[in-house]
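# Descriptive analysis of the structure
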Amino acid sequence: MRWRNARLGALGVGLLVLLAGAASQAQDDWEMPEEMKAKPCPAGEQRDGFGKCVPIPGAAKPAEAEKPAEPEKPAAPEKAAEPDKPAEVEKPAEPVKPAEPGEVEEIPAPAEGAAARPPLPPAPGEKAAEPAGEKPAPAPAEGAAARPPLVPPPAAQPAEVVGEKAAEGSTPEKPGAAEPETAEGEKTAEGDKAAEGDKAAEGEEEPPPPPQAFIKGELSSFIGSSKLVTKNNRIGVRLGAELVDGIFYQTFNPELDLRFGQFQFGLGVPLAIEIYDMNFENLSVGEGEEVDWTEGFGNAGRFRTEDWDEPSEYIRFIRYATWGKKEDHIFASLSQVGNNSLGHGALMRRYSANIDPNSVRVALQFDMYNDYAGFELMSNSIVDWDVFGALAFIKPLSFFLDSPIARSWSIGFTWLADRHAPVTLEKSAFGLPPVANPFYLSGENHPDSLSTSFLQGMGVDMEIKVLKTESVDLKPFVDFSFMLPGDPSGEVPLEPEWGWGFTAGLLGRFNVGQDPVHAFRLIAEFRSFTPTYLPGYFDTFYEVQKYLSNLNYADYTSHGRLPPTKFEDVFVERKGQDQRYGYYVEFNYSIVENLTLTLALEGSNADRSTNFLAHIEVPALSWLQFFASYHHRSMDGLGELFASEMGNRIIFAAVRLRVFPFLFINFQYQHTLHFSEGEEELTGDEYLDRYRYYAPAHGFFGDLEFGWEF
């Protein structure tokens, strides 16, 4: 019985084996349903012959496949699963499109350190990620094909923002936040915006702009200048006309302006061809003959040699070349534009080397300083350098103390000179041979000197900054200086006398606002000086007044002479007079790089010592730039400010208008002093007197410029 049962059992086992073999043979012909084909398997798995998802052979390490239930370390599966809530996302609303082969290949396999970063939450419709041990690690989740891989954030992005985005994209703190954050991460496919970070969306505020440097130094750029310099890079050719000393000229000026950071330069070659001479009264005609007006064309086509006939003018093609700005730690300038000052201006204040249009110079300035010492250098020309000077200062307490007030205390020494200061002028015998005509100075572009002197100025000064904040800078100062005239050359019976002056003043600088900055600069000075000393001796008018101290000709021609030179007026004719007391006040206001206004007034108890300055400039408009300066000197009071007599005043104005991107209109007006000749009743005897001296004259300059600003 037992044997029969054993045989029956063996027969049953054999039948089962045969049936299993037949079934396995029949599965090759089994057809998978279409709905099963449409549903993809998780990444790293494939369907077998029965439609089940099984691991792909060779896709994972054997050790990991043998222990599918053990999760990877160090990430704990329960921590990763807690915020993801697989129960909420196990049932996708719609199937996710399978990743295409190219997209799957671009997703790198997780690095070893990736375990420290929890897995990304699933995209909408994607099956929640199962514990890492149940799937082969190298293959990414299938739904991740629609979501690009994480890319490192830009280096400029703050670390806390990057960390915040990583936390939001991997393990959201709030349940249900996974889908919105994943959707934000999917925007990387539209331009990697998630990697750069949308600061506005995350509520991050823009960092505040850095504070602007304190604005100090001279706020105006064109005081004492007859020329306008554009604020842009430029190349162009100016074609126009000008009226100088009663003569019309055709002008042709190629010019170039370039800027490279703190360095900027401008080049130009001014050329002028005479068209018509309007000085008909100067044309010589016979007695009883009428002036032939066509003689005005007698020199038509003549090149204006007055622009190039002095050594200082041989390099006038350098319009300017500068590094930095005045009162920067390093400032260097070669320029026909602007003015020069040394220190607080006790000896030199706003000296202009180019007030005379017949004499153009390229002036030099070079300043350098640090927290301990510094110096300033200047010269009216890098070719003949008749006028030159230097200032050196030291801050002695800055070597020992840390107090800002103590470190700001400085002591300076100034020295400057005019190597050939005119003392007396040479006169021609024109009209009164063989006796010299007292009103006819010899010379072509400027008067010839009969006698000169080596004139020196020396001074010491101290200053201390008593208040310095982000918006206020207050600095009182004192100056004590000397004027030391040398003995005149030649056999001139003059004995000049030296003089001294004392100045106590306050310089206040104020900045208000950020964009734009409103800058104020105020100066107030009290002065006491001997009669043979003149504060700011080297001033804007010096290049003319060194020949004629003033142009009040009526005060002198009735006595049969011209006004004296500045040297003779101050150091000879004022000897023995009373002590002088005076003042100087100046107000500057600037909307930085947009508008600048300057007003200055000075005076004393000396005769004709009132001087006035008004200036405005607008450099900011893209289509318009202009400036205008008005100087009036040697007045007896402000009542003469707008008097009809124009002898001691100059006006400079310039406008630049952009009509088209390639077409500009330039216009300049000058009421300045020209060394010219003519005939006029000077002595009051109703007879015409032939003269040659500095006389006020109008000048107009206009042109069309074809070029490009950039």
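Moving on to the overall build of the protein. Looking only at helices and strands, one finds 14 helices and 24 strands in the protein. Buried positions account for 42% of the 710 residues belonging to the protein. Contacts in the protein between residues far apart in sequence, at least 24 positions, make up 63% of those at least 6 positions apart. If you sum the accessible surface of the protein, you get close to 37,700 Å²; carbon and sulfur atoms cover 61% of it.

With that settled, consider a nonpolar patch on the surface. A contiguous nonpolar patch, built from L239, F252, V659, F660, F662, I665, L704 and F706 and spanning about 700 Å² of accessible area, is present on the exposed surface. Elements with a contribution of two residues or more to the nonpolar patch: β22 (649-660) and β24 (689-709).

Now for the side chain of D689. Mapped onto the elements of the fold, D689 is located in strand β24. The side chain of D689 is buried and forms no salt bridge, while R690, the nearest opposite charge, is found at 11 Å. Polar contacts involving the side chain of D689 include one to the main-chain amide nitrogen of L682, which spans 3.0 Å.

Of note, the amide linkage connecting P433 to P434 takes the cis form, showing an omega dihedral of 0°. Note on placement: P434 falls in the loop between β12 (410-425) and β13 (449-463). Of note, W385 is a non-glycine position whose phi angle comes to about 35°, a positive value. For W385, a relative accessible area of 40% corresponds to the partly exposed category. Non-glycine residue R608 carries a positive phi angle of around 45°.

Residues D309, E426, E444 and D448 make up a contiguous surface patch of negative charge. Turning to its location among the elements, D448 is positioned in the loop between β12 and β13. A residue is classified by how much of its surface remains accessible, and D448, at 31% relative accessible area, is partly exposed.

Counting across every chain of the model gives 28 aromatic pairs. Both rings, one in Y537 and one in Y542, keep their centres 5.8 Å apart while their planes meet at 55°; by these two values the pair is tilted. For the pair Y537 and Y542, a shared accessibility class is recorded, and that class is buried. Ring geometry for F675 against Y694: centres 5.5 Å apart, planes inclined by 50°, an arrangement best described as tilted. Pair noted here: F675 is in strand β23 (residues 663-680) and Y694 is in strand β24, with a separation of 19 residues, a long-range link. Of the two residues, F675 and Y694, both sit in the buried class. An aromatic cluster of three or more residues is present, and its members are Y351, Y537, F538, Y542, F567 and F571. The ring centre of Y537 lies 4.7 Å from the NZ or CZ of K566, which sits over that ring. Above the ring of F664, the side-chain terminus of R656 is found at 4.3 Å from the ring centroid.

What follows is about the confidence of the model for the protein. Across the protein, pLDDT averages 78, with 70% of residues at or above 70. Counted against residues more than four places away or in other chains, residues 1-13, with its pLDDT under 50, gives zero contacts. Note that pLDDT drops below 50 for residues 74-117; the model gives that stretch 42 contacts with residues more than four away or on any other chain.

For the coordinates displayed, the defined rule picks out 39 salt bridges. Its salt-bridge partner being R234, residue E255 comes within 2.6 Å of it at the nearest N-O pair. Here E255, found in strand β4 (residues 247-260), pairs with R234, found in strand β3 (residues 234-244); they are 21 residues apart in sequence, far enough to count as distant. What makes E255 buried here is its relative accessible area of 11%.

What follows covers the pairing of strand β10 (residues 373-379). On a regular strand, one side chain projects to one face of the sheet and the next to the other, so that they alternate. Pairing geometry for strand β9 (residues 363-369) and β10, over six bridges, is antiparallel. Residue pairing for β10: Q365 is matched across the bridge by M378. If you look at the hairpin formed by β9 and β10, you'll find three residues sitting between the two strands. When β10 meets strand β11 (residues 387-394), the two strands line up antiparallel, connected through seven bridges. Its bridge partner being in β11, S379 is matched across the sheet by F388.

Calculation rules
Residues numbered from 1 in each chain as written. Predicted model: local features only at pLDDT ≥ 70, side-chain atom pairs only at ≥ 80, totals over all residues. Heavy atoms only, no water. Helix = DSSP H or I, 4+ residues; strand = E, 2+ residues; numbered from the N terminus. Buried < 20%, exposed > 50% of the residue type's maximum accessible area, 1.4 Å probe, protein only. Contact = heavy atoms within 4.5 Å. Areas by Shrake-Rupley, 256 points an atom, 1.4 Å probe, with all protein chains shown as cover. Patch = residues over 30% accessible without salt bridge, like charges linked within 9 Å, V, L, I, M, F, W, Y side chains within 5 Å. Salt bridge = Lys/Arg side-chain N within 4 Å of Asp/Glu carboxyl O. Lys, Arg positive; Asp, Glu negative; His and termini not counted. Polar contact = N/O pair within 3.5 Å; in protein donor to acceptor, adjacent residues only side chain to side chain. Charge placed at Lys NZ, Arg CZ, Asp CG, Glu CD. Phe/Tyr/Trp six-rings, centres within 6.5 Å; stacked < 30°, edge-to-face > 60°. Lys NZ or Arg CZ within 6 Å of the ring centre and 35° of its normal. pLDDT = per-residue confidence, 0-100. Pairing = 2+ DSSP bridges.

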